[in-house]
Each structure stands twice: as C-alpha cells, then as structure tokens.
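Geometric and topological summary
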Amino acid sequence: DAGVIQSPRHEVTEMGQEVTLRCKPISGHNSLFWYRQTMMRGLELLIYFNNNVPIDDSGMPEDRFSAKMPNASFSTLKIQPSEPRDSAVYFCASSFRDSKDTQYFGPGTRLTVL
Amino acid sequence: TQLLEQSPQFLSIQEGENLTVYCNSSSVFSSLQWYRQEPGEGPVLLVTVVTGGEVKKLKRLTFQFGDARKDSSLHITAAQTGDTGLYLCAGEQGGSEKLVFGKGTKLTVNP
C-alpha cells in the first residue's frame, strides 16, 4: 500500500516567491496534518484537517501561510511570499481518527528559501 | 517554552551498550507516543502508552509511562547500529488529535 505522498521532495526558491507543497494522504484516512521541522524548534504542528475541514490552524506562523484540502485525497500548503526563515522540512501526516489513532508521516519536503 | 523536554539531546554509544532517554513535562497527557526518525524520512511510530505506570516492550526497547502521565522513558538494551536515529516523544492532551513533540534525542550507535 502507498504511504503518504509528498511533492516536491526538495524545493529551492528565492525570497518573495510563492511556494506550494503538496500532500496525498493514505486512502481511507480522514485526518491530515501539516508539520514543520527545524533544528531550533523541532517538529511543530502547523494545521490539521478532519474530513477535509480545518480544525486547528493555531500553529500557522502568519498570514503568509495557507493550507487547503479540497478533497479527501489532496492537500496543499502555500507560502506567499516566502522568506529565508521559512527554510525547513515540511511533513504531511495522515491518520484514521479513532480513540488511539496513529499518524503516518510522509517523507517530507525540504524547503530552502534563498 | 517547550512543553515536552527530551534528554539527552545527543547520545553517542558503542554497539552492545544500554541506554535510556527521557521525555519530561509539567503537563499531563492522555497518551504519549515514541517515534524514530531516520535521515531524509518522516517519523515512524514505535509505541503508544496510555496508562500511568504502563510498561511496553518492543524487542530490545522498553517504554515506560510515568505514574502521573507527565513523563516517559525509553530504554534500549544491547544497542545495535540499526538503532541509530532521532527518537521523538509526542504527547496528546484530552480528546484532541493534536500531538506536541519534543525536540528529540539524536542517538548514534557506533560499531
């Protein structure tokens, strides 16, 4: 079975450009999570969806970040405009919500903003 | 302020040694999870503990949840080079699906 799929795996862009990260969750999962990982701050939850509806976006750093989930099999995280401090590895994870759900992580997108 | 503090931050040992890493908090969690992350990959769940005082074993790995459900430990017996990786603990509070992660312990097992 395919796991969580993320694209691109690596992205290098210049400050001010728009960046779009993509995620395909595991089929049948109804919760989707976007995380950011840096050396300084570790793994931080940015936003999560349940049944395609955003439930908690309190971790989104600022208005430059936005996330959408138009259907159960696709989600995007957009940064516009990007800044060097956005450089990090961005992970998408999915789960099937029950009392002790397991989150399955994708391989991540390594973003470098020059 | 980090909700979950992991220690040590870095650990380098020889193959065959035993080790323990810790995950501490002043907050109570309904469950606590341990993940292992290898370079270039996402974290992979090792275990979930939910009951205060609970001990779970996964081959050479022993996980313990504190009685007050505020802390946890991971003990590895006779470490192998394949145990090398970043070990993350993550806590869930209440009925939320949100996980709060510690910064991790980077373990290197040398041959």
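That block above? That's the structure.
Now for a quick tour of the structure. (Residues numbered from 1 in each chain as written. Chains lettered and ligands numbered in written order. Predicted model: local features only at pLDDT ≥ 70, side-chain atom pairs only at ≥ 80, totals over all residues. Heavy atoms only, no water.)

**A short note on the overall build of chain B**
Put simply, the rule reads: The way it works is that DSSP assigns letters per residue, a run of H or I at least four long becomes a helix, a run of E at least two long becomes a strand, and they are numbered from the N terminus. The size measure is the radius of gyration over C-alpha atoms, and the globule rule it meets is 2.2 Å times the number of residues to the 0.38 power. The buried label applies to any residue whose accessible area, calculated with a 1.4 Å probe on protein chains only, is under 20% of its type's maximum; exposed applies above 50%, and partly exposed to all values in between. The criterion used for residue contact is that any of the two residues' heavy atoms lie within 4.5 Å. When charges are counted, neither His nor the chain ends are considered; positive counts come from Lys and Arg and negative counts from Asp and Glu. Every charge is mapped onto a representative atom, which is NZ of Lys, CZ of Arg, CG of Asp or CD of Glu.
On a plain count of helices and strands, chain B comes out with zero helices and 11 strands. Along chain B, helices (α) and strands (β) appear in the sequence β-β-β-β-β-β-β-β-β-β-β when read from the amino end. The C-alpha atoms of chain B give 13 Å as radius of gyration, which agrees with the globular expectation for 111 residues (13 Å, within 12%). Its C-alpha atoms put chain B at 40 × 30 × 20 Å along the principal axes. In chain B, which comprises 111 residues, the proportion classed as buried is 44%. By sequence separation, contacts in chain B at least 24 residues apart represent 55% of the contacts at least 6 residues apart. Here chain B holds 10 positive side-chain charges and 11 negative ones, and the gap between their average locations is 2 Å.

**Focus: unusual backbone geometry**
Note that the residue after serine 7 of chain A, namely proline 8 of chain A, is joined by a cis bond; omega there is -10°. Note that proline 8 of chain A resides in the loop between β1 (5-7) and β2 (10-13). Of note, the bond from glutamine 80 of chain A into proline 81 of chain A is cis; its omega dihedral lies within 30 degrees of zero at -5°. One non-glycine residue with positive phi stands out, namely lysine 59 of chain B, at about 55°. Counting through the fold element by element, lysine 59 of chain B comes out in the loop between β6 (55-58) and β7 (61-65).

**Points about the side chain of threonine 105 of chain B**
Mapped onto the secondary structure, threonine 105 of chain B falls in strand β11 (residues 105-110). On the accessibility criterion, threonine 105 of chain B (0% relative accessible area) is buried.

**Points about the environment of threonine 105 of chain B**
All names here are of chain B. Heads up, the rule is: Two N or O atoms count as a polar contact when they lie within 3.5 Å, although within protein this holds only if one can serve as hydrogen donor and the other as acceptor, and sequence-adjacent residues are included solely when both atoms are side-chain atoms.
Once the C-alpha coordinates of threonine 105 and glycine 85 are considered, the two residues, 20 residues apart in sequence, prove to be 8.3 Å apart. Once residues within four sequence positions are removed from consideration, threonine 105 is found in contact with Gln6, Ser7, Pro8, Gln9, Leu11, Val21, Gly85, Leu86 and Tyr87. At 2.6 Å, the side chain of threonine 105 and the backbone oxygen of proline 8 are in polar contact.

**Remarks on empty space enclosed by the protein**
Formally: Computed over the protein atoms alone on a 1 Å grid, cavities are sets of points where a 1.4 Å probe fits but cannot get out and pockets are open sets with protein on both sides within 12 Å along at least five of seven lines; a residue lines them when it has an atom within 4 Å of a point. Grid points are joined across faces, edges and corners, and a volume is the space filled by probe spheres set on the points.
Considering all chains together, one arrives at one cavity of 30 Å³ or more under this definition. Quantified by volume, the largest cavity comes out at close to 40 Å³. Considering the residues around the largest cavity, the lining is formed by Phe33, Asp101 and Gln103 of chain A together with Gln33, Glu92, Glu97 and Leu99 of chain B.

**Observations concerning the pattern of salt bridges**
Using the following cut-off: Every case where a carboxyl oxygen of Asp or Glu lies within 4 Å of a side-chain nitrogen of Lys or Arg is listed as a salt bridge.
Tallied over the entire structure, the rule returns 12 salt bridges over all chains. In this structure, the salt-bridge partner of glutamate 18 of chain A is lysine 78 of chain A, at a minimum N-O distance of 3.9 Å. Remark: lysine 78 of chain A occurs in strand β8 (residues 74-79) and glutamate 18 of chain A occurs in the loop between β2 and β3 (19-24); sequence separation between them is 60 residues. When the shortest N-O distance is used, the salt bridge between aspartate 56 of chain A and lysine 98 of chain B registers 3.0 Å. In this pair, aspartate 56 of chain A is assigned in strand β6 (residues 53-56) and lysine 98 of chain B in the loop between β9 (85-92) and β10 (99-101), connecting two distinct chains. The partly exposed category is assigned to lysine 98 of chain B, whose relative accessible area is 27%. Here the salt bridges share partners, and the residues they tie into one network are Glu62, Arg64, Glu83, Arg85 and Asp86 of chain A.

**Points about the sheet that holds strand β1 (residues 5-7) of chain B**
All names here are of chain B. Filter applied, for reference: Should DSSP find at least two bridges between two strands, the strands are regarded as paired. Between N-to-C directions, angles span 0 to 180 degrees; the directions come from axes that are lines fitted to C-alpha atoms, helices contributing only their stretch in contact.
Sheet architecture is open: five strands sit in the order β1-β3-β8-β7-β6, paired in antiparallel fashion. Unpaired on one side and paired on the other, β1 and β6 mark the two borders of the sheet. Strand after strand, the sheet turns through a mean of 15° between neighbouring axes, direction not considered. In this structure, β7 lies alongside strand β8 (residues 71-76), joined through five bridges in antiparallel fashion. Paired with threonine 62 across the two strands is histidine 75, which belongs to β8.

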